[in-house]
Amino acid sequence: MMTRGNLVSRLFAAAAIVMALPVSAPAQWEPYPWKNVPRTPDGKVDMNAPPRRTLDGKIDLSGFWMPTNPVKHLQNLAADLKQGEVPLRPWAEAVYTERIETNGKDHPGVRCLPSGIPEKNNIPDGLKVVQTPDLMLFLHESRTIYRQIFTDGRPLPKDAQPTWMGYSVGKWEGDTFVVETIGQNGKTWLDMRGLPGTEALRVIERFTRPDIGHIDIDVTIDDVNAYTRPWTVKLSWTLQPDTDLIESICEENNRDPAHMVGK
């Protein structure tokens, strides 16, 4: 049985193959039924039930989530766009082409470095969302790394220290959770094919949960150094009921570098 961690390793080793690979997402801990979630008569979580709300009336995004299509947007963030619709600047297009032609051999993940935003949203190890009034916490199984989204009303920093996942603040617009992220270090790729980002990258994510089982995410990429205008893609997550995180230590058994030889 393929574990989520093994799947990610295989994806990095085949970064240039833009195709759907077989995927399984088995529970790696013994399953345990979550409390306070609606269930169907057979005891399964009712994935089509209305989403729960917090005490202050906000949609509750909590849960353990996986990308609905665990390969498509990881390998190609722009998979749903037409040819030429990604507004790359000439230098960025040259970098993108070179990364494709060399089979993505220099992707940071090959060396167990973190993914950034939005690529992290598409890693098929899953993530646990923990929602509090002043902080939304994303606990990513991949790399056993976390992401903080501050919801206490603070502004974005004027001079954010560059980091792998940047600095995120969020707010609610009706039932949509809107997150703005700046301060990424320009070393991450937007996907495994190699769409580039720079330190000027600003990412806007709009999360909506139409029912218990699904979250839809509109992602806007705004990077004046790499793209001539902002552009938007649509992602989605599916709930993984009655399971939970388990650690994933890339450095423990990383066999990718020897295989990432390019062309």
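Data block above holds the structure.
It should be emphasised that the depicted structure is a prediction, and the values quoted were computed from it without experimental measurement. (Residues numbered from 1 in each chain as written. Predicted model: local features only at pLDDT ≥ 70, side-chain atom pairs only at ≥ 80, totals over all residues. Heavy atoms only, no water.)

## A look at unusual backbone geometry
Thought 1: Between isoleucine 117 and the following residue, proline 118, the backbone shows a cis peptide bond with an omega angle of 20°.
Thought 2: Looking at the element boundaries, proline 118 is found in the loop between α3 (90–101) and β2 (127–131).
Thought 3: A positive phi angle is found at cysteine 112, which is not glycine, with a value near 65°.
Thought 4: Mapped onto the elements, cysteine 112 comes out in the loop between α3 and β2.
Thought 5: Residue cysteine 112 is classed as buried on the basis of its relative accessible area of 7%.
Thought 6: Despite not being glycine, threonine 144 shows a phi value in the positive range, around 50°.
Thought 7: Tracing the backbone through its elements, the reader meets threonine 144 in the loop between β3 (135–140) and β4 (145–150). (Helix = DSSP H or I, 4+ residues; strand = E, 2+ residues; numbered from the N terminus. Buried < 20%, exposed > 50% of the residue type's maximum accessible area, 1.4 Å probe, protein only.)

## A few points about the nonpolar core
Thought 1: Leu195, Phe207, Ile221, Tyr227, Trp231 and Trp237 are the most contacted members of the largest nonpolar core, which totals 38 residues.
Thought 2: Of all the secondary-structure elements, those providing two or more residues to this core are α3, β2, β3, β6 (176–182), β7 (202–211), β8 (214–222) and β9 (231–239).
Thought 3: At five residues, β9 tops the list of elements feeding residues into this core.
Thought 4: Leave out the neighbours within four places in its chain, and isoleucine 221 touches Leu77, Pro118, Leu190, Leu201, Arg202, Val203, Tyr227, Arg229, Pro230 and Trp231.
Thought 5: Membership of the second largest hydrophobic core comes to five residues, among which are Leu156, Ala160, Val169 and Ile182. (Core = buried A, V, L, I, M, F, W, Y, C linked by side-chain atoms within 4.5 Å. Contact = heavy atoms within 4.5 Å.)

## Structural notes on the packing of aromatic side chains
Thought 1: Evaluated as defined, the whole model comprises seven aromatic pairs.
Thought 2: For the pair phenylalanine 138 and phenylalanine 207, a centre-to-centre distance of 5.9 Å together with 80° between the ring planes defines the contact as edge-to-face. Here phenylalanine 207 lies in strand β7 and phenylalanine 138 lies in strand β3, a separation of 69 residues in the sequence.
Thought 3: Classification of phenylalanine 138 as buried rests on a relative accessible area of 1%. (Phe/Tyr/Trp six-rings, centres within 6.5 Å; stacked < 30°, edge-to-face > 60°.)

## Section: the pattern of salt bridges
Thought 1: Overall, the coordinates contain 11 salt bridges when judged by the stated rule.
Thought 2: In this structure, arginine 202 engages glutamate 180 in a salt bridge whose closest nitrogen and oxygen atoms are separated by 2.3 Å. Of this pair, arginine 202 sits in strand β7 while glutamate 180 sits in strand β6, and the two are 22 residues apart along the sequence.
Thought 3: Under the relative-accessibility criterion, arginine 202 is labelled partly exposed at 33%.
Thought 4: Within the structure, one salt-bridge network assembled from shared partners comprises Lys171, Glu173 and Arg206. (Salt bridge = Lys/Arg side-chain N within 4 Å of Asp/Glu carboxyl O.)

## Topic: the pairing of β2
Each regular strand shows side chains that alternate between the opposite faces of the sheet.
Thought 1: Judged by which residues are buried, β2 turns out to be one-sided: Leu127, Val129 and Gln131 face inward and are buried, whereas Lys128 and Val130, on the alternate face, are not.
Thought 2: In the sheet, strand β1 (residues 63–67) pairs with β2 via three bridges, with the strands oriented antiparallel. Within the sheet, the bridge partner assigned to phenylalanine 64 lies in β2 and is lysine 128.
Thought 3: As consecutive antiparallel partners, β2 and β3 are separated by three residues. (Pairing = 2+ DSSP bridges.)

## Some points on α3
Thought 1: Here α3 contains 12 residues, and its C-alpha end-to-end distance of 16 Å stays within 8% of the 16 Å for a straight helix at 1.5 Å per residue.
Thought 2: Every buried residue of α3 is accounted for by Ala92, Tyr96 and Arg99. Buried residues in α3, looked at end-on, bunch into an arc of 65°, giving them a common side. (Expected span 1.5 Å × (residues − 1). Arc of directions from axis to C-beta.)

## Details of the environment of proline 50
Thought 1: In this fold, proline 50 is placed in the loop between α1 (4–13) and β1.
Thought 2: Of the residues examined, proline 50 reaches a relative accessible area of 64% and is grouped as exposed.
Thought 3: Along the primary structure proline 50 and arginine 209 are separated by 159 residues, whereas in three dimensions their C-alpha atoms are 8.7 Å apart.

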